[in-house]
Amino acid sequence: MKPSGFDPTRLEVAAFTKAGTTREGVLPLAGMGRLAGSTQVAADGSAGDVTWSVQGLWKQSAGAAPEMRIRLVAHATVHLTCQRCLQPMAQDLGVDRTIRFVPGEDQAEQLDEELEEDVLALPRTLDLAELIEDELILALPIVPMHVACPQPLTSVGEVDADLSETEEAPANPFAVLAALRKGS
Ligand SMILES: [Zn+2]
């Protein structure tokens, strides 16, 4: 059930962080066009959903401006093409990020470089759906591959690669001798 009056595409960051509450929901992956460009549709034709939660964090220290953060957690299963066997594969994507918001682009850029944490300029409202899509795109594997491909591979290249890993280059006996003489 959708909480009344909460629109994830128009999150009022300042008020939300100050309230310190947590919201959660489900978004259809089909609505994420940019992510859909990098993923496949499942065999049953469904794109699936992303489950997400966002928590507002507000920290007020004496004599300092309040620190505003949100913690975003999201999970989705997307469908990709394995780059080894070229068969479809399901990939779980997980996002767990804390983002700090500061007033103004300049301060955000400066702090983002100085601090370990992710800093963004405080917007009037934040499109959470877009942020979740950004984070899922970042979480995509660069080269998707099955941990173990469902079909055994018989390609020559693969066999050669396996052999060369276990094979050690034979030592040159003269080099070994020279090294022994040097050491004595
Ligand atoms: Zn594979």
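Just so we're clear, the structure is a prediction, and the values are computed from it rather than from any experiment.

A. How the structure looks around the coordination of the zinc ion. Looking at the zinc ion, the protein donor atoms are Cys 82 (SG), Cys 85 (SG), His 146 (ND1) and Cys 149 (SG), and they sit 2.0 to 2.3 Å from it. What the 4 donor atoms of the zinc ion show is an angle range of 103 to 121° at the metal, which sorts the shape as tetrahedral. On the basis of relative accessible area, Cys 82 is assigned to the buried category, the value being 0%.

B. Quick look at a nonpolar patch on the surface. Residues Ile 142, Val 143 and Met 145 make up a contiguous nonpolar surface patch of roughly 330 Å² in combined accessible area. Within the fold, Met 145 resides in the loop between helix H4 (128-139) and helix H5 (156-166). Taking the relative accessible area as the measure of exposure, Met 145 reaches 37% and is therefore partly exposed.

C. Up close: the side chain of His 146. In this structure, His 146 sits in the loop between H4 and H5. Residue His 146 is classed as buried on the basis of its relative accessible area, which comes to 15%. Reaching out from His 146, the side chain makes a polar contact with the backbone oxygen of Pro 88 at a distance of 3.3 Å. Excluding residues that lie within four positions of it along the chain, His 146 makes contacts with Cys 82, Arg 84, Cys 85, Gln 87, Pro 88 and Met 89.

D. Summary view of the pattern of salt bridges. By the definition in use, this model includes 9 salt bridges. As a salt-bridge pair, Glu 133 and Arg 34 come within 3.4 Å of each other at their nearest N and O atoms. With Glu 133 in helix H4 and Arg 34 in helix H2 (residues 33-36), the pair connects residues that are 99 residues apart, well separated along the chain. The class for Glu 133 is buried, based on a relative accessible area of 7%. A relative accessible area of 42% means that Arg 34 is categorised as partly exposed. Among the ionic pairs, Lys 59 bridges to Glu 67, the shortest N-O distance being 3.9 Å. Look at Glu 67 and you get buried, because its relative accessible area is 17%. When salt bridges that share partners are traced, they join Lys 59, Glu 67, Arg 69, Arg 100 and Glu 117 into one network.

Each value, and the rule that gives it
Here the residue numbers are simple positions, counted from 1 along each chain's written sequence. Predicted model: local features are reported for residues with pLDDT of at least 70 only, side-chain atom pairs are reported and counted for 80 or more only, and whole-chain, interface and lining totals are derived from all residues. The basis for every side-chain value is the complete set of non-hydrogen atoms in the structure, without hydrogens or water. Each metal's donors comprise the N, O and S atoms found within 2.8 Å of it (within 3.2 Å for Na, K or Ca). Water is not part of the atom list, so some coordination spheres may appear incomplete. Square planar and octahedral sites, with four and six donors, are those where opposite donors lie more than 155 degrees apart and all other angles lie between 65 and 115, tetrahedral sites have four donors with every angle between 85 and 135 degrees, and the rest are irregular. Exposure categories follow from relative accessible area, calculated using a 1.4 Å probe and restricted to protein chains: below 20% of the type maximum is buried, above 50% is exposed, and the middle band is partly exposed. Patch building starts from residues that exceed 30% relative accessible area and form no salt bridge, then joins like charges within 9 Å and nonpolar side chains (Val, Leu, Ile, Met, Phe, Trp, Tyr) within 5 Å. Each accessible area is a Shrake-Rupley result for a 1.4 Å probe, and residues are judged covered by the shown protein chains and nothing else. Basic side-chain nitrogens of Lys or Arg form a salt bridge, by our definition, when they fall within 4 Å of a carboxyl oxygen of Asp or Glu. Under the scheme used here, helices are H or I runs from DSSP no shorter than 4 residues and strands are E runs no shorter than 2 residues, and both carry numbers assigned from the N terminus. Under this definition, polar contacts are N or O atom pairs within 3.5 Å; protein pairs additionally need one hydrogen-donor-capable and one acceptor-capable atom, and for neighbouring residues in sequence, both atoms have to be side-chain atoms. Only heavy atoms matter for contacts: two residues are in contact if any of them lie within 4.5 Å across the pair.

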